[in-house]
Every structure is written in C-alpha cells, then in structure tokens.
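As a plain string of letters, each chain reads:
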Amino acid sequence: MTKLGDAVARDLERRGKAIDQSRIERILLDAGVSSTASRGVPARLRVRRVWVTGEKLYSERPTEETPPAEMKTAPIKLDWQPGDGVNGVGSEANLRGKSSVLHFAIWALTGRSYLQADVETWVEHVSAEFHVDEVPLFVDFDVRGGMPSGTVTQKTRSGHASLGSFFGHAEFESLMGSVMLDRLRLDAISVFSKGTETEHAWPSYAAALAVHADKLDPIVGNENTLKTRILQMFVGTRWAAVDAQVATAFKAADYEREVLIEKRRAAASVTTSALRQAETRLREAEAALEVFDPTQPDVDAVFALASVASARAQQAHELSMRLMVARTALSGAEEQLRTEQMRRQAAEEDAVARRLFNGMAPKACPRCAAEVTAARYEAEVTAHECSMCKNEFTILADLDEASAAAVVDNEVEEPVDPLEALQAAIAEADVDISRLEGELREADRSRLDAENAAQRGRGRLGAARARLEAEIDLARAESALGALREAMRPEPSSPVDDERHLVLEVASRLTKKWVKEDQGPLLEAVSLAIARLAREFGSTNITAVTLKGNGNMDVEKGGAVTGYSGLTNGEKLRIKLAAAIALIEIGHSDGVGRHPGLLFVDSPAAEEIPEADLRTMLEAMATVAQKTDLQIIVATRHGRILSEVIGPQNLLVATGSNFVW
Amino acid sequence: MMQHAIRLLAILSECSEPVKTGDPPEGIAVIRAELRLQALDFWLRNPDYLAGELLTKVEDHDLPAHYLSVVEHLLNNPEPDLHWYPMPRWHHGAYEAIDDAFSVLSAYGLALVRRMGGVQKTARSQFFLTHAGRVAAADLAKERVLSWYTEQAKLVALVAGSDNGSTLKKRQYQQAEYARTKLGVNIAPIHSAVRGRLEAFRTTVSGSLAPVAGG
C-alpha cells in the first residue's frame, strides 16, 4: 500500500465513488507512477579536467574576411584543470576560443556538441574528468569525420571500471544520460502533448546548468516547456517527480477520453437524413455500374489493334507503290513496243516502196531535170552505175560477205527479237500488275478490317473508362456510407477507462497539492536568496522577488512589482545567475535540492553589464563560493578583470590576440 | 522518204482535181496549192484528227451513220496507230518539207511540180499527177503493205472535199489540240477527246431513237 494509493482511495470513498485499493494501486503502477516520494538530496558534480588535441585553422585578423590561402594552422593543446569555486576562461580578443572551452566540457558531459561546426572538425581527441560526489568519471573519445567514438569509465579502488563505450552522437548521448541521471539522482521528465509522450532527459538538465548572456528566458533552464519541472527538481520538492508522472499519465488518459468524446460528438451530429442520402447515393452508384457489360475490355488489346491497323495501312501503301512502279514499267514497255512496231512498219513500207520505184525507169534528174536516156538506164546492168548520179552500185553479195566476216570475228550471240522481248516484258508486267492488284485489294480489305476493329476497340475503351469511373463512384459511396454508420455507432464507454481516468485525476490533484505544500517554504527561501544575490550582483534597486511554483517570478523594483519578462537584459542576467546560485546555496545549507552545484556562465559582460558591474558580480560569486560548495566556470572577453578577481590556479586566460588553446 | 513519196502519190491520186487548159500537157490531175497538200498529208498521218473530222461530218449529217464504225476503227485498231506520223506545227499549220519526197515521184515521171512567182519567193506551187503516176497509184492500191494509204487517202478526200488550203487549215485549227500546240512542236494526239465525242454522240442518237423503238 502506497501513500498516494491510500490517499486516492480515501478521497474517492469520501466522494462516494469507492474503488478497490488494489485496483487503484494497479492503475498507478501501470501508469508508471513511483510508489514513494523522495526529498531531493544534492549530488555534487565537478569538472576536474578538460584535455583536447587536434589542429586548428585560424586567421591573424579574425574580424576580417580572410582568403583560405592566408589561413594558418596550429596544433590544439588544451589541458585545463578547473578548481572549486569560481573559474575564469578569458581572452582579450573575441573569437579566441573561450566559449569553446565551455562547449568542450559540455560535449564530454552530455554527449551533445554545441561547438561551431568548423571547430568540431579540428578536434581529434577529447578527454574529460568529472567528479560526482568525489567519484571520478572519465570520458575519452576520438573524433573522426565528425563522429565521436570512445568510452566512459569510473575510477574504483582496484583501477578503472568501464561504464560503456559508444560510436556516434546518439550512442554517446544515451550513455552519458544513463550514467549521469542515476548518479545525480535526477528523473527523466515525461511530457504529454497532443497525443504524444516525449521524454526529456540528461541534456535538458545539463542545458539548465549553463547561463548564456544571449539566452536569458526562462529563469531556470533553457526550455520554457520544462521550466516548472526543472525548477521543482532543482528545488528538491518531494512529490515533484511523482507529480510529473501522474500528470503525464492523467494527460494521456484525458486525451484518450477527449478522442472518445469527439467521436461521440461526430456520431451525434450525423442525422438520419444524411444517412438516407448516403444510402440513396450508394443505390444510384450500383445501378450506374450495372449498365456496363461485365466483360472487361482490354486496353492493351485496343492499342494492339491500333498498331495492327497502322501496320496494315503501311503494307497497303507499300503494295500501291509497287503497283505504281509496275504500271510505269508496263507503260514504258508498251511505248517501246509501239515504237518498235512503227519502226518495223516504216521499214517494211520503205522496202516495198523502194522495190516499187526500183521497178520503174527513171525519167529525169530531180535536181537538174536532165533526161535519163534509155541507153544510160540500160547501162546500169553492165556498168553498175546509177543512171542518174553515176555512183557505183553496192553489190548486195559483198555486203553479205562483209556481215559474215564480222560474225566470224565477233562472238556469236543468241539473236533476240526485240519485239518478242518487249511482248514478253509486257506480258510479265501484266501478270505482275494483276497479282499486285489482287494483293492490294486483299491488303486494303485487311486494312479496313483492322481499322474497323481498332475503331470498335476505341469505343470499348471509352466504355471501360466510364465503367472505371462508375466503380470509383460506387467505392466512394460505400466509403461515405460506411463512415457515417461507423460514426453513428455509439462508442461504448468502457468502465475500466472511466475508472482509470478517475483514479489518475484524483491522484494528480493530490500530488499537485502536496507539491505545493512541500515546495512553498523552499521557494520562499530561494526567493529571499535570489533577491539578496541580485543586489550583491549590482541590481541594488531590487527589494524582493517571489519565485512561483510554475517558474514565473514577481520582482519588486523601486517600490513597484513587475514580472521577470519586464526586466532589462542586464537585470535578467543577474536574476538568472542569482536563481541558479540560490538553488545551489539552499542545497548546500539545508541539504535539500537536486542542483549538482556546477554552473557555466558564458560571456556575461556581453549583455549590458558594464565592466565595473562584471567585477562586482565576479567578486560576489567569489564570496558565495567561499561559503558554498559550488563550481562556476565563467567565460568572458574581460580576461584582465578575471585575473584581478580570481586566483591564478583557477584561471585560463589568453593575452593579446593569443588563443585560449 | 520513200514512204513520204508513197503518201504524196496516194494523195495526188485520190484528192486531186482534173486539170484545165493551160496546165502542163503531162499532168492529168492536180492539187493546186502546197497548203492544201500539207493539210491533206496531216489528216493522212494523224488518224485521230481524221476520225474527228469524219465524226463531225456524221454529226452534221454530211455523212451517213455507218461511218461511225470507220471512226471507231481509226481510233481503236492498231493499224492506224502504226501509221501515226506526227507533224510539227508552223505558221501555216502542220508542215513538213515535201521537196525531197516529191523529187522521187518526179524522177520517175509520176508527178511534177509547177511553181508560180520568183525564185526567192514562191507564190503558189501546183502538184500534177502524170499518167505514169496514175498507173503507179493503181499498182499501189493492189500492194498489200501500201494499199492502206490509198484507202486512207480516200477518207481524207471525203473529209477535205473541195476546200482550199486556207479553209482546211481553219478547220484543223478548230480542233483544239492542234491550235494549242506551240510552233515547232509535234501536234499532240486527240484520241481520247474524239472517243468521248463518239460515245456522247452514240448515247444521244440511241436516246433519241429509244422512244421510237419502244413505240
């Protein structure tokens, strides 16, 4: 039986809603709620050594743009062992690595790097030594290609015990979380928002150990969503952790219930007429689909038909071209045949005419009209001379002999009668043409068939598309009706869920009350300390502050009350620093709280803090450190002031334009 | 040239007119102008044009309808087509020099030419057929290979009638293809046009006769 379970049972009984206590305990256990509360007892975290090697790339004139060729390289040699109390890291020039020293330490402490990307690539190895309640922890890692890999060890009496090794950022962060949360007695913070539970762990706490001059909201830590939880944890409120667990579980249960209520609301909003409309729409869609032929037209087949039609058209075209060529050949052959026939006709007529004229006796010379005498004509036979022109006759026998001689000399060729050859060519062309005409007719018929088939296919394609649309309409109608019916079905209210919600609601109310009761006096003490420290840090007009449980604050300044957000940045910085130191002080003096007593302060003088005020703050911090067990590491450009206020053993200061490392 | 001489002999024999007093005593028939001789030769050498003229005469009822079969024969049978000797067109219509061919006829005493006018410019040439020419033309009509010319020349005579050369030229000009032909280019055939006319005429004739036949 737990105190919380018992309290919830009694509360419910008083309200007449009694639930069996074992059932209550089960609900709380299932929700991940711790059985008992524990008052925070501070553990002490200290940075004992930061050792970094690598090679840096730098410019002699860091404030000006430097060409890559003029950049210089130098080895990184940082080996610093900060002491207790206030430590100072300083340089006289900017961009000389003072903030990086803080970041190296935080990287090794949390596994999460906040270094500038270029600086990160310069690093080759990091070794850090931390003490938790005087127990030394060693973090060693190499950096290759931006990826850290290394080990975490703890010093034991017999030597070193490995706590784990890691490769990569995620493993590094996870390992450091498990090592540190446990040792510093801190709980992971679960936050439930918009249906999702998120767990914030060690890096969120570690971030709250740093005060950056350019990041002053909220008062405690660096994340507004976590400020209440971190404040409660650091203040040491007993029921804070349990309250956080109950609150998260209750929010989750509440969310589930809201989802359920939303569903019911949606169901209630569905009217009968809407359902009837959806049913009508479904019937119409079904009727529209029935119109279509269930045999599915094949889209591929349609495209194949179009392709065949195209091929057939091509074939028909080729045949018509061949037919045209054949017809041209026929017409050429016919023309040649006619020419040959005319030539033969003319030759025959010429020969016959010649014979006819040769049978006649010439009467006179057609040129000079001189008479051709009978004696001259008769002498043609004996003298072999033309009776008109006196030229010698060519004897036909001689010609035959000459032709015969030529035949002997030349190769004998098969005589080809051109007339026959031409007639054969024409007959052949005729056959070709009639064959091609037949083929073309067939090809044309085939082309037409293919085109008709393709056309019909296209028609079916349109029907297929229409059918598809009808199917989609039907699916939509079914889906709409289904959704309406689903929405109308009343979500059964689970008695188990209701019971769980009720238990968690009561538990949350109780833990909140206990947290408030418990932390009230603590917050009062912290508030007094904050006001005192803020005045010591130079804000002398702040007379009082009231830190509230939700992380907000009222500030009395010059007789008026204002909120934290209404302060100047210089005042905010002082208040924030004062709040962190106050939490450490209370932990130290009263032994209550969970702040590990380590504080990083980055560039405080950057925020409207005059040099004189910085000195005041440093002196005040040094005074606090004398009576309070804490370690503060301050990085500032005002190295000279650091040297004047802080002892040399706690200093890491670069002079002139030198690097801190 | 011999062929051309044969054509001229056939034309002189079939298309000439009787001689008159004052003509050379050897001449027994005459063609009194080269223009007429050239026009006659054109029809003899272009059976499609001759067919067109015959069709016109049938259309005009100057010739009986049975000549339509002659027209068809001239258009469709191969023989007339083998005797197609295109003539180029010159200023005076279809023309081809006839001197060489005619000299063959005159050398054998079958024909003679008489020219009127000066040496440089002949005003008119007259072509006479002799008695020997008449005998030779009769032989020609009996010769298997060459008798075609005689028969064709008879059709030319039928078409030409007694029109002089200028009139014949005008008639030939009326046949569109002839007129459209550029100077120096062979006169193109008109088969298809005449065939069209023939078919159209036959359709008209049978159409006009149908009611009679039916009644």
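Residues numbered from 1 in each chain as written. Chains lettered and ligands numbered in written order. Predicted model: local features only at pLDDT ≥ 70, side-chain atom pairs only at ≥ 80, totals over all residues. Heavy atoms only, no water.

What follows is about the packing of helix 1 (residues 3-14) of chain A against helix 2 (residues 21-30) of chain A. Residues and elements named next belong to chain A. Remark: helix 1 packs on helix 2, axes separated minimally by 9 Å, with the N-to-C direction vectors making an angle of 125°. As the angle between them shows, helix 1 and helix 2 are arranged oblique. With respect to the hand of their crossing, helix 1 and helix 2 are arranged in right-handed fashion. Where helix 1 approaches helix 2, its residues L4, G5, D6, V8, A9 and L12 are matched on the opposing element by Q21, I24, E25 and L28. Looking at the contact of helix 1 with helix 2 residue by residue, the class counts come to six nonpolar, two polar and two charged. (Axes fitted to C-alpha atoms, helices over the stretch in contact; angles between N-to-C directions. Helix = DSSP H or I, 4+ residues; strand = E, 2+ residues; numbered from the N terminus. Parallel < 35°, antiparallel > 145°, perpendicular 65-115°, else oblique. Left-handed = near helix turned anticlockwise from the far one by under 90°. Contact = heavy atoms within 4.5 Å. Nonpolar A, V, L, I, M, F, W, Y, C, P; charged D, E, K, R; others polar.)

For helix 16 (residues 611-627) of chain A, built from 17 residues, the straight-helix expectation of 24 Å at 1.5 Å per residue is met to within 8% by its first-to-last C-alpha distance of 25 Å. Against the buried residues of helix 16 of chain A lie strand 3 (85-91), helix 14 (495-536), helix 15 (569-590), strand 15 (631-636) and helix 17 (639-645) of chain A. (Expected span 1.5 Å × (residues − 1).)

Let's shift gears to the interface of chain B and chain A. Size of an interface: often given as the accessible area lost when the parts come together. On the side of chain A, 22 residues touch chain B, which itself brings 26 residues to the contact. Three residues stand out in chain B for area buried against chain A, namely B:M2, B:L82 and B:Y108, and they jointly supply 33% of the buried area on that side. Inspection of the chain B/chain A interface yields two salt bridges. Among the salt bridges present, the one from A:R355 reaches B:E143, with a minimum N-O distance of 3.6 Å. Taken together, chain B and chain A are joined by five residue pairs in polar contact (both at pLDDT 80 or more). Those elements giving two or more residues to the side of chain B that touches chain A turn out to be helix 1 (2-15), helix 5 (78-82), helix 6 (99-107) and helix 7 (131-142) of chain B. For the side of chain B that touches chain A, the leading source of residues is helix 6 of chain B, giving five residues. (Buried area = accessible area lost by both parts, 1.4 Å probe. Salt bridge = Lys/Arg side-chain N within 4 Å of Asp/Glu carboxyl O. Polar contact = N/O pair within 3.5 Å; in protein donor to acceptor, adjacent residues only side chain to side chain.)

Before going further, it helps to spend a moment on the pattern of salt bridges. All names here are of chain A. If you walk through the whole model with that rule in mind, you get 50 salt bridges over all chains. The partner of D6 in a salt bridge is R10, and the shortest N-O contact between them spans 3.3 Å. Of the two residues, D6 and R10 are both situated in helix 1; the distance of four residues between them amounts to about one turn of the helix. Take D6: its relative accessible area is 23%, and that puts it in the partly exposed class. Taking the relative accessible area as the measure of exposure, R10 reaches 47% and is therefore partly exposed. In this structure, D554 engages K548 in a salt bridge whose closest nitrogen and oxygen atoms are separated by 3.4 Å. (Buried < 20%, exposed > 50% of the residue type's maximum accessible area, 1.4 Å probe, protein only.)

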